[in-house]
Amino acid sequence: MLTTPHETRSHLRTLAPGAGVAGGAVVLAMLVNLLVPALSPAVVAVAAGAALASLAGVGERLRPGLAFVSRRVLRVAIALLGLQIAVPQVLALGWQSLAVVAVATGVTFAVTPVIGRRLGLSRGTSLLIATGVSICGAAAIAAMRESTDLPDDEEAAASALGVVVLYGTASIALIPLLASLLGLSPAELGVWTGAAVHEVAQVAAIGAASGVLAVAVTVKLGRVVLLAPIVALTSYRSRTASPSDRPEAGRRPPVVPLFVLAFLAMVAVRSTGLVPASVTGALPAVTNVLMAAALFGLGTGIDVRKLVRGGRAALLGGIATAIIAVTSLAGVALLV
């Protein structure tokens, strides 16, 4: 149905307060990132959203705009993320590095939900922690949340985001320290960093400080490629589950969400080599802005006090982080 100009203006006025606050949070995140490069805009935005929710609360005027950035803007950001991935560059890493990525990611994603159930966590929380740790942090959590029907998606996403921020930030200091103690070569450190650390920006921070930036980021982008098939497979399983197993018996998620298809299309476009260098050079900055806005919106759903009290989610995040770190390190030792 077509909307009138008056209805459009009214809708924009409804979105403006929340979107404006998200815009301010993005500026803050970018400034913090300039001062402390180890803190990615995504991490700062999530923390800012959680701080706002915990200290001042999120009023009803802000909710429509925040919902818009945490869903619509998020989908655009994830699709654009595909333009940063050139499949030939990933394949050039060699089968050894790709095998490390595939095994570490697959094992972590498969085992974490099982451990989560043993710890008494909900299916949603366990799935989103598994997704965030095994693939690409906050972006993967948001993509999986958008693609599956989870009965507790807001609480689960908040717990998973908090866990990824906590352990991903800690890895910036721990991974280089452990690599030094273990005597890893630069090549081994690059592959291990890309295969084990949660966020692309965190991988870049470690890579830049350790002189292994290109290898670490390329390996990490190889993990990001797995976002599409893992989300699509999980969405398909959710769609074909029996009505008693689905959270909402009358609603089915799409087999492959449109934004996941858009992500794959962007990967294909980038892999042709036809995208101008000026575009590929500007894309990370644009994607970071959109992703920071979306993750600020998601961050406003984090209840810090509940997260601190709910130690089981933090425990599962620590276990999952250890699984992917140890599995990928074993692969590096054997193959790289």
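Up top is the structure.
Because the structure is predicted, anything quoted here is derived from the model rather than measured. (Residues numbered from 1 in each chain as written. Predicted model: local features only at pLDDT ≥ 70, side-chain atom pairs only at ≥ 80, totals over all residues. Heavy atoms only, no water.)

Let us look at the overall build of the chain. Helix and strand content of the chain: 15 helices and 0 strands. Computed over the C-alpha atoms, the radius of gyration of the chain is 19 Å, within 12% of the 20 Å expected from 2.2 N^0.38 for a compact globule of 336 residues. Over its C-alpha atoms, taken along the principal directions, the chain stretches across nearly 65 × 50 × 40 Å. Counting every position in the chain, which comprises 336 residues, the buried fraction comes to 48%. Considering only residue pairs separated by 6 or more positions, the chain has 79% of its internal contacts joining residues 24 or more positions apart. Element-wise, carbon and sulfur atoms account for 68% of the exposed surface of the chain, whose accessible area totals about 15100 Å². Separation of charge centres in the chain, based on 23 positive and 13 negative side chains, amounts to 2 Å. (Helix = DSSP H or I, 4+ residues; strand = E, 2+ residues; numbered from the N terminus. Rg over C-alpha atoms; globule rule 2.2 N^0.38 Å. Buried < 20%, exposed > 50% of the residue type's maximum accessible area, 1.4 Å probe, protein only. Contact = heavy atoms within 4.5 Å. Areas by Shrake-Rupley, 256 points an atom, 1.4 Å probe, with all protein chains shown as cover. Lys, Arg positive; Asp, Glu negative; His and termini not counted. Charge placed at Lys NZ, Arg CZ, Asp CG, Glu CD.)

Among the surface-exposed residues, Leu-174, Leu-177, Leu-178, Leu-181 and Leu-182 lie close enough to one another that they form a single nonpolar patch of about 500 Å² accessible area. Residue position: Leu-182 is located in helix H7 (residues 153-182). Under the relative-accessibility criterion, Leu-182 is labelled exposed at 51%. (Patch = residues over 30% accessible without salt bridge, like charges linked within 9 Å, V, L, I, M, F, W, Y side chains within 5 Å. Salt bridge = Lys/Arg side-chain N within 4 Å of Asp/Glu carboxyl O.)

At their nearest, the axes of helix H5 (residues 95-118) and helix H6 (residues 123-147) sit 4 Å apart, and the two run at 120 degrees to each other. By the angle between their axes, H5 is oblique relative to H6. Along the contact surface, H5 presents Thr-105, Thr-108, Phe-109, Thr-112, Pro-113, Gly-116 and Arg-117, while H6 presents Ser-126, Leu-127, Ile-129, Ala-130, Thr-131, Val-133, Ser-134, Ile-135 and Met-144. Within the contact of H5 with H6, the residues separate by chemical class into 8 nonpolar, 7 polar and 1 charged. (Axes fitted to C-alpha atoms, helices over the stretch in contact; angles between N-to-C directions. Parallel < 35°, antiparallel > 145°, perpendicular 65-115°, else oblique. Nonpolar A, V, L, I, M, F, W, Y, C, P; charged D, E, K, R; others polar.)

Ranked by internal contacts, the top residues of the largest apolar core, which has 74 residues, are Ile-78, Leu-128, Leu-161, Leu-227, Phe-263 and Leu-295. Sorting elements by how many residues they give to this core places H6 first, with 14 residues. By size, the runner-up hydrophobic cluster in this structure holds 13 residues, among which are Ala-22, Val-26, Ala-45 and Ala-48. (Core = buried A, V, L, I, M, F, W, Y, C linked by side-chain atoms within 4.5 Å.)

This part covers the environment of His-11. Locating His-11 in the fold gives a position in helix H1 (residues 5-35). With relative accessibility at 46%, the residue His-11 sits in the partly exposed group. Each C-alpha atom of the pair His-11 and Val-219 lies 42 Å from the other, and the pair is 208 residues apart in sequence.

Okay, the packing of helix H3 (residues 63-81) against helix H13 (residues 277-299) next. H13 packs onto H3 with a crossing angle of 150 degrees between their chain directions and a minimal axis gap of 8 Å. The orientation of H3 with respect to H13, classified from their angle, is roughly antiparallel. Between H3 and H13 lies a crossing whose hand is left-handed. Mapping the contact onto sequence places Leu-66, Val-69, Ser-70, Val-73, Leu-74, Val-76, Ala-77, Ile-78, Leu-80 and Leu-81 in H3 and Leu-283, Val-286, Thr-287, Leu-290, Met-291, Ala-293, Ala-294, Phe-296, Gly-297 and Leu-298 in H13. Residues that form the contact of H3 with H13 fall into these classes: 17 nonpolar, 3 polar and no charged. (Left-handed = near helix turned anticlockwise from the far one by under 90°.)

Time to look at helix H2 (residues 41-55). In this model, H2 (15 residues) spans 21 Å end to end at C-alpha, consistent with the 21 Å of a helix rising 1.5 Å per residue. Within H2, burial applies to Pro-41, Ala-42, Val-43, Val-44, Ala-45, Val-46, Ala-48, Gly-49 and Ala-50. Just downstream of H2, Gly-57 is the residue with a positive phi angle, here 85 degrees. (Expected span 1.5 Å × (residues − 1).)

A word on the pattern of salt bridges. Tallied over the entire structure, the rule returns 3 salt bridges. In this structure, Arg-63 engages Glu-60 in a salt bridge whose closest nitrogen and oxygen atoms are separated by 3.1 Å. Look at Arg-63 and you get partly exposed, because its relative accessible area is 41%. A cluster of three or more residues bridged by salt bridges with shared partners is formed by Arg-71, Arg-75 and Glu-146.

Note that Thr-105 resides in helix H5. The class for Thr-105 is buried, based on a relative accessible area of 1%. If we skip the residues at most four places from it in the chain, Thr-105 touches Ser-134, Ile-135, Arg-223, Leu-226 and Ile-230.

Looking at the secondary structure, you find Val-21 in helix H1. Spatially, the C-alpha atom of Val-21 lies 9.2 Å from that of Ala-293, the residues being 272 residues apart in sequence.

We now examine helix H9 (residues 200-210). Turn by turn, an α-helix covers 3.6 residues, leaving residues three or four places apart pointing in a common direction. Taken residue by residue, H9 has Gln-202, Val-203, Ala-205, Ile-206 and Gly-207 as its buried positions. Buried residues belonging to H9 abut H2, H7, helix H8 (186-196) and helix H10 (213-225). The first or second residue beyond H9 is Gly-211, which carries a positive phi of 75 degrees.

This paragraph deals with the environment of Ala-92. With respect to the secondary-structure elements, Ala-92 resides in the loop between helix H4 (87-91) and H5. For the pair Ala-92 and Phe-68, spaced 24 residues apart in the sequence, the C-alpha separation amounts to 38 Å.

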